[in-house]
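# Overview (structure and organization)
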Amino acid sequence: MGVQGQKAYFHGAAQATPAGNVDVSGNGRWKIWQDAGTRIDAPILGNGDMLAALAGDAHYPQFWLTTNDFWQMESAANWEFFHDNAVAKVDPPMSLGAPKPLGRLVFEVPAFAPDADAQGAGSATDGFAAGTVQDADVEITQDFESATTQAIYRKGDTELCMESYVAAEENTLIVTVCASTDLELQAHFYFPDEVGRGCDVLVDSNGTGRGSASDDMFIGMVGGRAVQVCESRGGVLYGSRSYAEQVDTTTQLCFAAGMLGKMIPDEAPGGPCAELSAKARALPGTQDFLPEDRSLCWTLSAGKKETIIISLRSRAKTSRPLEYAYSRTAWMSHGDLISIRQMHLSWWQAFWATSEITLDDPVIEQRYYLSLYMMGSLSRDPDYPPNILGICTHDRMAWNGNYKINYNHQTPYLGLMVAGHFAQSDPHDAPYLDLLTLAQEMSKRLLHHDGAYYPLGLGPHGCVSEALLLHMKSPAVHGALNMLQRYFLTEDEAYARRVYPFLKSVATFWEQDLVERDGIYHVVGDGMHERVSRQVREEGLPEDPVNTLGYLRTFFAQLPLIAERLQMDAEKVSQWRHIAMHLAPFPVGTIREITDNPTLWAEADVPLTELIPEEMLDVPVYYDEGRGGKWSLHFPGNVMQIYPAGAIGLGSEEEEKRIAYHTVQIHALMEDALAARKVDGKETMAAAEDLQAQDPHFHKSGAWNATNLGCLFFPAAARIGYDPDCIWKELKDVILHRGLPNGYLKGNPHGIEQLNTVPCTIHEMMLQSHEGVLRIFPVWPREHHPNASFSALRAYGAMEVSATLTGGEVESVQVRSKQGHMVKLINPWSGQKVRVTFEYSGKSEVLCGEMLQIPVHVGEIIDVRPER
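Residues numbered from 1 in each chain as written. Predicted model: local features only at pLDDT ≥ 70, side-chain atom pairs only at ≥ 80, totals over all residues. Heavy atoms only, no water.

## Examining helix α13 (residues 570–581)
- Along α13, the residues that are buried comprise Val573, Trp576, Ile579 and Ala580. Down the axis, α13 shows its buried residues gathered within 130° of arc, on one side only. Those residues of α13 that are exposed and angled more than 90 degrees off the buried face are Glu571, Ser574 and Met581.
- At its buried positions, α13 is contacted by α10 (493–513), β23 (520–522) and α12 (546–566). (Buried < 20%, exposed > 50% of the residue type's maximum accessible area, 1.4 Å probe, protein only. Helix = DSSP H or I, 4+ residues; strand = E, 2+ residues; numbered from the N terminus. Arc of directions from axis to C-beta. Contact = heavy atoms within 4.5 Å.)

## Quick notes on the packing of aromatic side chains
- All chains considered together, the criterion is met by 32 aromatic pairs.
- Taking the centre distance of 5.7 Å and the plane angle of 65° together, the rings of Trp352 and Tyr369 count as edge-to-face. Taken as a pair, Trp352 in helix α3 (residues 334–353) and Tyr369 in helix α4 (residues 362–378) lie far apart in primary sequence, 17 residues in all.
- Given a relative accessible area of 9%, Trp352 falls into the buried group.
- Classification of Tyr369 by relative accessible area gives buried; the value is 1%.
- Arranged with centres 5.2 Å apart and planes meeting at 80°, the rings of Tyr368 and Tyr369 form a pair that is edge-to-face. With respect to class, Tyr368 is no different from Tyr369; both count as buried.
- Among the aromatic side chains, those forming a connected cluster through ring pairs are Phe144, Trp347, Trp348, Phe351, Trp352, Tyr368, Tyr369 and Tyr373.
- When the ring centre of Tyr495 is taken as reference, the NZ or CZ atom of Arg486 above it lies at 4.3 Å. (Phe/Tyr/Trp six-rings, centres within 6.5 Å; stacked < 30°, edge-to-face > 60°. Lys NZ or Arg CZ within 6 Å of the ring centre and 35° of its normal.)

## A word on the sheet that holds strand β11 (residues 172–179)
- In spatial order, the strands read β1-β8-β9-β10-β11-β17-β15-β14-β13; together these nine strands make up an open sheet with antiparallel pairing. The sheet terminates laterally at β1 (7–11) and β13 (227–233), the two strands that pair on one side only. Here the average twist between neighbouring strands, direction ignored, is 15°.
- As judged from the seven bridges shared by strand β9 (residues 148–155) and strand β10 (residues 158–166), these two strands associate in the antiparallel manner. By the bridge assignment, Thr149 is partnered in β10 with Ser164.
- Across the sheet, α3 touches β9, β10, β11 and β17 (306–314), and the angle it forms with β10 is around 65°. (Pairing = 2+ DSSP bridges. Axes fitted to C-alpha atoms, helices over the stretch in contact; angles between N-to-C directions.)

## A look at the packing of α12 against α13
- Running from amino to carboxyl end, α12 crosses α13 at an angle of 160°, the nearest separation of the two axes being 7 Å. One way to sum up the angle between α12 and α13 is to call them roughly antiparallel. As α12 runs across α13, the sense of the crossing is left-handed. Residue-level inspection shows Arg553, Phe556, Ala557, Leu559, Pro560, Leu561, Ala563 and Glu564 of α12 in contact with α13, the latter providing Val573, Trp576, Arg577, Ile579 and Ala580. (Parallel < 35°, antiparallel > 145°, perpendicular 65-115°, else oblique. Left-handed = near helix turned anticlockwise from the far one by under 90°.)

## Side note on the pairing of strand β34 (residues 834–838)
- By the alternation rule, side chains of β34 split into Val834, Val836 and Phe838, which are all buried, and Arg835 and Thr837, of which none is buried.
- By the bridge criterion, four bridges tie β34 to strand β35 (residues 844–847) in an arrangement that is antiparallel. The residue bridging Thr837 from the neighbouring strand is Ser844, located in β35.
- The turn linking β34 back onto β35 is made up of five residues, and Gly842 within it adopts a positive phi angle of 80°.
- Relative to strand β37 (residues 861–866), β34 runs antiparallel, the two sharing five bridges. What sits directly across from Val834, in β37, is Pro866.

## Considering the sheet that holds strand β19 (residues 403–404)
- Pairing is antiparallel across the open sheet formed by three strands, whose spatial order is β19-β20-β21. Among the strands making up the open sheet, the edge pair consists of β19 and β21 (464–466).
- With two bridges joining them, strand β20 (residues 457–458) and β21 adopt antiparallel strand pairing. Counted as the bridge partner of Leu458 is Val464 from β21.

## Quick notes on the nonpolar core
- Core analysis: the biggest nonpolar cluster contains 219 residues, and Leu65 and Tyr454 have the highest contact counts within it.
- Dropping the residues within four chain positions of it, Leu65 is found in contact with Met50, Leu51, Ala52, Pro101, Leu102, Gly103, Leu105, Leu173, Phe189, Ile310 and Leu312. (Core = buried A, V, L, I, M, F, W, Y, C linked by side-chain atoms within 4.5 Å.)

## A short note on the pattern of salt bridges
- Scanning the entire structure with this criterion turns up 47 salt bridges.
- In this structure, Lys444 and Asp450 form a salt bridge, with 3.9 Å as the shortest nitrogen-oxygen distance.
- For Glu493, the salt bridge goes to Arg497, with nearest N and O atoms at 3.1 Å. Note that Glu493 and Arg497 are positioned in helix α10 at a spacing of four residues, about one turn of the helix.
- With a relative accessible area of 42%, Arg497 lands in the partly exposed category.
- Overlapping salt bridges, with partners in common, bring together Asp49, Asp69, Lys317 and Asp381 in one network. (Salt bridge = Lys/Arg side-chain N within 4 Å of Asp/Glu carboxyl O.)

See the structure below:
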């Protein structure tokens, strides 16, 4: 099927965009800010910079608006990173540097107001929709192919249709409305700290006193707060939100909204924008300019389409953002709209033409394209990646909404690269590259050696959002793996030169930080899990985490290839290869041998030995750390050396593969055992307050369903050849039981890392190339899902690979080599001869053997089929 016809369906209004009535002030660093901008369930629109979440009921349909480049650029102390201190005991242990929402454009439909006898049905704890009653129907459909969202609001015989899209090539939201009867429609703009019209539960993020009507709770630190101005004139609603106080860099995001043909632009020099800016400058202190009359009102004629334009412009990209936003909206013409739509459709057509997969399972296939649609909407600005949650709808987001480089920031870009969407994956690199100088200083200050030492929470342009280290040294080399994959999928020399200074600094760090004992290099003082200093004093420094050892094995094996191709650091190459070959072995043991097992969280009230059959207790598995924690039920990080590190795969030694397989298997067994105990034991579904717990599937957590690392566990299982039917079933169960229609997961506070799960798992099941050879459908449930195909997936060696599976058998394989490297292909028809046809010359030859080696020219395309 491909992307044609793929859609997402939303039944009812969004309920969690945002839900802000949450106390995040009293329980310290480690309390997850459960609903502080997380768990967004709304349809999301975007172009990689401008983002919109469509929320609200039929009475108040509304778009939450922002851009990726709108941050409060207020860094943590940039002279020192720290493991923990007194600041880390309270909320939050970080700066106020965070992405920010602009606000919400609210459409009010008086005809869809709740009936008087239903007014009491609203709940003040429903988050976004608090106090509203959904007695009018809301149905929303997102079409991935055209990146267009259609919302239909109905009450009785009256229907309002709203079609919207964020233009692919400029920061403008186009909304076309059409009513079945004459209908009044109003537009209002609310900043994030303003309640009313469909968002009646908010928290006071800045100490202004503008909190929830029911709970005037103040959260967080007091720093520079936003200046907000808004007014309407001549049919245009316009304004701005800016941060200029106590910040590293001034930021401002401006908007202008109006209905095509209903606006009367002010033709005076500078127009109303100059007046509004002057009013803002004249404000005492940080007072806002928010007149009560700042709304628009129109009457829609039955059956007639009207178009509303909402333009956003930021100071990060233009010198006069308010004037430019106003100008684009107020002077929009029908011809402009036609051009914007054509460019929008053309951009998305090219996006989807980059690669394609087809499956005979519509549930997983839809989720694959939903994940790519989401990342295509969220990521494209090379300097401003999307934040950890994708879109910011809350002034104090969980984890500051920053680029969390434990694994969260790196993960969502992995599938994009294999699918060929490098414009969406390249923004990953910017936070690392921008902070390099400071990270080099911190390595000297704190560890007294060269290299780059990064904190866990980054922001754009070198902003330090969260200066915590938490005894982790791996985040930089983890990010380097993304860059290595990007290079080896394309062999783009310009890209390699751009990231090479960072890669070399990472190498320098580990050259000097690794501890050599008897010719073996050990990782000391780096843990798989976050630790505060108290834990280190009690338990000692962690050593040899399996994830970091895997990262380093791959990093030091692949970096020399880039150095040689760039003709750089010839004197270092042999040392790097020596390190790769003499790293400490991955920590191995059995479940029975685990006694002392410090973990990040309290995990279960049952010994690990009671969760698996007796015959599995003495099976070797990979431990989390050589010294420190051995096994985590809810953080299956002892598969990260498999994926994303790529240090173990189907081409590895048999013993390594066997241990990896058993590690995945025992995680899966323990998850099933824990779920059974929770269902049958005292933790009954009826006792759970969360409605999600009424579904027995929500008792599963820890491997396939881990809120941390489930996104990596699936592709790791595929990469080492775990049972493909089991992978498929678990993947589909997660989608059916936990999947939200916008691509996120119920009950999971994390964000865009979840958009990696399906694409990367399917890619690994269809095509593996990270070991330098092509494997076609290597881990596929051929009996139950015999028909599938993929087109132009990227492979190591700068290749594009396509293949078709029909009736459980590979029908054909096509390879396009961009650099002319030898094509090494594991014979998809084991024991049979194959015919290779060279497209340009038309010549063909017959080959045999399990490993097919096919010399090709630059740009050559070959077709490989079984010889009949």
